[in-house]
Amino acid sequence: MAIPDEDQFQGRMHGERPEPKEPDSLWWRLLHMILIAIMINLAQTILAVVTVVQFIIMAVSKSQPNERLADFGTDLGIWIAKAARFQTAASNVKPWPWSDLD
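Residues numbered from 1 in each chain as written. Predicted model: local features only at pLDDT ≥ 70, side-chain atom pairs only at ≥ 80, totals over all residues. Heavy atoms only, no water.

*Asks:* How would you sum up the packing of aromatic side chains? Please name residues and give values.
*Replies:* Under the definition given, this model contains zero aromatic pairs. The ring of Phe86 carries the charged tip of Arg29 above its face, separated from the ring centre by 4.1 Å. (Phe/Tyr/Trp six-rings, centres within 6.5 Å; stacked < 30°, edge-to-face > 60°. Lys NZ or Arg CZ within 6 Å of the ring centre and 35° of its normal.)

*Asks:* Please provide a residue-by-residue account of helix H3 (residues 67-87), values included.
*Replies:* Between its first and last C-alpha atoms H3 spans 30 Å; for 21 residues at 1.5 Å apiece the expected length is 30 Å, and the two agree. Every buried residue belonging to H3 is among Leu69, Leu76, Ile78, Trp79, Lys82, Ala83, Phe86 and Gln87, and all of these are buried. For H3, the N-terminal cap is Asn66; the gap from its side-chain oxygen to the backbone nitrogen of Arg68 is 2.9 Å. Downstream of H3 by one or two residues, Ala89 has phi in the positive range, about 65°. (Helix = DSSP H or I, 4+ residues; strand = E, 2+ residues; numbered from the N terminus. Expected span 1.5 Å × (residues − 1). Buried < 20%, exposed > 50% of the residue type's maximum accessible area, 1.4 Å probe, protein only. Polar contact = N/O pair within 3.5 Å; in protein donor to acceptor, adjacent residues only side chain to side chain.)

*Asks:* Tell me what's going on with the environment of Arg29, and back it up with residues and numbers.
*Replies:* With respect to the secondary-structure elements, Arg29 resides in helix H2 (residues 26-60). It is 9.1 Å that separates the C-alpha atoms of Arg29 and Gln87, two residues lying 58 residues apart in sequence. Ignoring any residue separated from it by four or fewer positions in sequence, one finds Arg29 in contact with Asp24, Phe86, Ala89, Ser91 and Asn92. (Contact = heavy atoms within 4.5 Å.)

*Asks:* Please provide a residue-by-residue account of the layout of surface pockets, values included.
*Replies:* In this structure, the largest pocket spans a volume of roughly 260 Å³. Lining the largest pocket are twelve residues; nearest its centre among them are Ala43, Leu76, Trp79, Trp96 and Leu101. Split by residue class, the lining of the largest pocket holds nine nonpolar, no polar and three charged. (1 Å grid on protein atoms, 1.4 Å probe; cavity = no way out; pocket = protein on both sides within 12 Å on 5 of 7 lines; lining within 4 Å. Points joined across faces, edges and corners; volume = space filled by probe spheres on them. Nonpolar A, V, L, I, M, F, W, Y, C, P; charged D, E, K, R; others polar.)

*Asks:* Describe empty space enclosed by the protein, and please don't skip the residues or the numbers.
*Replies:* In total, this model carries one cavity of 30 Å³ or more according to the counting rule given. Here the largest cavity defines a volume of roughly 60 Å³. Lining of the largest cavity is provided by eleven residues; of these, Trp79, Lys82, Asp100, Leu101 and Asp102 occupy positions nearest its centre. Here the lining of the largest cavity is built from residues that sort into five nonpolar, one polar and five charged.

*Asks:* Go over the environment of Gln87, please, and point to the residues and values.
*Replies:* Mapping Gln87 onto the fold places it in helix H3. For the pair formed by Gln87 and Ile34, sequence separation is 53 residues and the distance between their alpha carbons is 9.0 Å. Each residue touching Gln87, except ones within four places of it in the same chain, is listed here: Met33, Ile36, Ala37 and Ile40. Within the structure, Gln87 has its side chain in polar contact with the backbone oxygen of Met33 (distance 3.0 Å).

*Asks:* Tell me about the pattern of salt bridges, and please be specific about residues and values.
*Replies:* Summed over all chains, the structure comprises one salt bridge. For Lys94, the salt bridge identified is with Asp24, shortest N-O distance 2.8 Å. On the criterion of sequence distance, the pair formed by Lys94 in the segment after H3 and Asp24 in the loop between helix H1 (5-14) and H2 is long-range, its members being 70 residues apart. (Salt bridge = Lys/Arg side-chain N within 4 Å of Asp/Glu carboxyl O.)

*Asks:* Tell me about a nonpolar patch on the surface, and please be specific about residues and values.
*Replies:* A cluster of nonpolar residues, Leu26, Trp27, Trp28, Leu30, Leu31, Ile34, Leu35, Ile38 and Trp98, forms a patch on the protein surface that exposes about 990 Å² of accessible area. With respect to the element layout, Leu30 can be found in helix H2. (Patch = residues over 30% accessible without salt bridge, like charges linked within 9 Å, V, L, I, M, F, W, Y side chains within 5 Å. Areas by Shrake-Rupley, 256 points an atom, 1.4 Å probe, with all protein chains shown as cover.)

Here's what the structure looks like:
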């Protein structure tokens, strides 16, 4: 039995994540926040490129999207959301590459 997409998304977004036993120092967190901000900007650029490529594919193939690109977009969106949770201190769990990509 397949798990609905919304349930899969919710599980990946809010599933069990072990919080660090001790929070990082404020300066160490700042360093991670700067690195993650750079990574978010790179992710946004990649998302823009994937968007254009997906549109071209859909224009050529009669509105049929490339499933692999669509799945990649979902994965990228989940990573950006996890990064934003860390950036805004909604979570102390750092996103990939400091934790599993899942």
